[in-house]
Amino acid sequence: MSTTKKPTLGVIIGSIRPERFGPTPAKWFAAEAERHGAFEVDLVDLADYQLPMELAGNDPNAALPAEVARLGQRLAKAGAFVLVTPVYNRSYPAALKTAIDWFYGEWALRPVSFVSYGGITGGLTSVEHLRGVFAEFPAVTIKNFIALANYWRVFDHDGWPVNTEGLRVPAAALLDELAWWAPMLREARRSRPYPRLDFALATNDSRAVSPTELVSCAFSSLH
Ligand SMILES: Cc1cc2nc3c(=O)[nH]c(=O)nc-3n(C[C@H](O)[C@H](O)[C@H](O)COP(=O)(O)O)c2cc1C
């Protein structure tokens, strides 16, 4: 008999520069996700991975750089993602694009949302640009996201929101929506071949599957 475990939510810190602000909203959102209860939360800091900007060549059998493989194994376990992104010149950081571009099957057929932060726009332009990118995999970018305008006023000196209850409302809306999509897409990844899918779907979902399900699984795993 198979058991159903909570899907893993990868919360990704998208800025890697020294003295960045990114860990502050990411840690807050990860704590909200833990509190929400629908997910196992994995807070992934891209600064912990030395990802080459020089992407893979054309040999599909070439080994991935060790740091890329290490991050890929972690991403493959996730059944949903929240990208925490600043705004650099009206868009998201190059480090985040590099991390996105190293992978494909790890993002595919997952629900994705965003926590952005910036000046008066709150990083809204980063979110809109990322939605276009994630259409490629294909991933499902959901309606709800959080844009923290003038973020330096949102958090106190200890790194927690000044108005915890106020921010909890949009966080819950985002997490409720992700929690609707994540199990459905997990089931669909396992049971329904995606039309014209010409890549391997990387998946290491936490749900235990029976041997029969494993044999009939339509997709192969990269890891
Ligand atoms: C290269 C660069 C470009 C930036 N461009 C914008 C911008 O277009 N709009 C904005 O509101 N803030 C902009 N900022 C300010 C950032 O939102 C702010 O520095 C923020 O702390 C960056 O996130 P991080 O500290 O996690 O890297 C920019 C910052 C950098 C470093």
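This text follows the structure it describes.
Residues numbered from 1 in each chain as written. Predicted model: local features only at pLDDT ≥ 70, side-chain atom pairs only at ≥ 80, totals over all residues.

*Asks:* So what exactly am I meant to see when it comes to the overall build of the chain here?
*Replies:* Within the chain one finds six helices and six strands. Going through the 223 residues of the chain one by one, you find that 38% of them count as buried. (Helix = DSSP H or I, 4+ residues; strand = E, 2+ residues; numbered from the N terminus. Buried ≥ 20, exposed ≤ 12 C-beta atoms within 10 Å, placed from the backbone.)

*Asks:* Would you explain the site of the ligand in this entry?
*Replies:* Taken together, 13 residues form the shell around the ligand, and within it Ser15, Arg20, Gly22, Pro86 and Gly119 come nearest. When the residues that make up the shell around the ligand are grouped by side-chain class, the tally is four nonpolar, six polar and three charged. (Near = placed C-beta within 6 Å. Nonpolar A, V, L, I, M, F, W, Y, C, P; charged D, E, K, R; others polar.)

*Asks:* What am I meant to see in the pairing of strand 1 (residues 8-13) here?
*Replies:* Regular strands show a simple pattern: their side chains alternate between the two faces of the sheet. Buried residues dominate strand 1, accounting for six of its six residues. Residues Thr8, Gly10 and Ile12 of strand 1 are buried on one face, and the alternating residues Leu9, Val11 and Ile13, pointing to the opposite face, are buried as well. Here strand 1 pairs with strand 2 (residues 40-45) via six bridges, running parallel. Residue pairing in the sheet places Ile12 in a bridge with Val44 of strand 2. Handedness of the crossover is the feature at issue here: the chain leaves strand 1, passes through helix 1 (residues 23-36), returns alongside strand 2, and the resulting connection is right-handed. As defined by bridge partners, strand 1 adjoins strand 3 (residues 78-85) across six bridges and the pair is classed as parallel. Paired with Gly10 across the two strands is Phe81, which belongs to strand 3. (Pairing = 2+ DSSP bridges. Right-handed = clockwise from strand over helix to strand, strands pointing away.)

*Asks:* Please clarify how unusual backbone geometry should be interpreted in this entry.
*Replies:* A negative phi angle is the norm for most residues apart from glycine, just as the trans form is the norm for most peptide bonds. Residue Phe137 is joined to Pro138 through a cis peptide bond whose omega torsion reads -5°. When you line up the elements, Pro138 lands in the loop between helix 4 (124-134) and strand 5 (140-141). One non-glycine residue with positive phi stands out, namely Glu19, at about 60°. Mapping Glu19 onto the fold places it in the loop between strand 1 and helix 1. For Glu19, a count of 4 C-beta atoms within 10 Å puts it in the exposed group.

*Asks:* How should helix 5 (residues 164-191) be read in this particular structure?
*Replies:* Residue pairs spaced three or four apart in an α-helix point in one direction, given the helix's 3.6 residues per turn. Between the first and last C-alpha of helix 5 there are 40 Å, a value that for 28 residues agrees with the 40 Å anticipated at 1.5 Å per step. Every buried residue of helix 5 is listed here: Leu167, Ala171, Leu174, Leu175, Leu178, Ala179, Ala182, Leu185, Arg186 and Arg189. (Expected span 1.5 Å × (residues − 1).)

*Asks:* How should I be thinking about the environment of Val82 in this particular structure?
*Replies:* Counting through the fold element by element, Val82 comes out in strand 3. If we skip the residues at most four places from it in the chain, Val82 touches Leu9, Val11, Phe29, Ser113, Phe114 and Val115. (Contact = placed C-beta atoms within 7 Å.)

Just distances and angles here, no functional claims.
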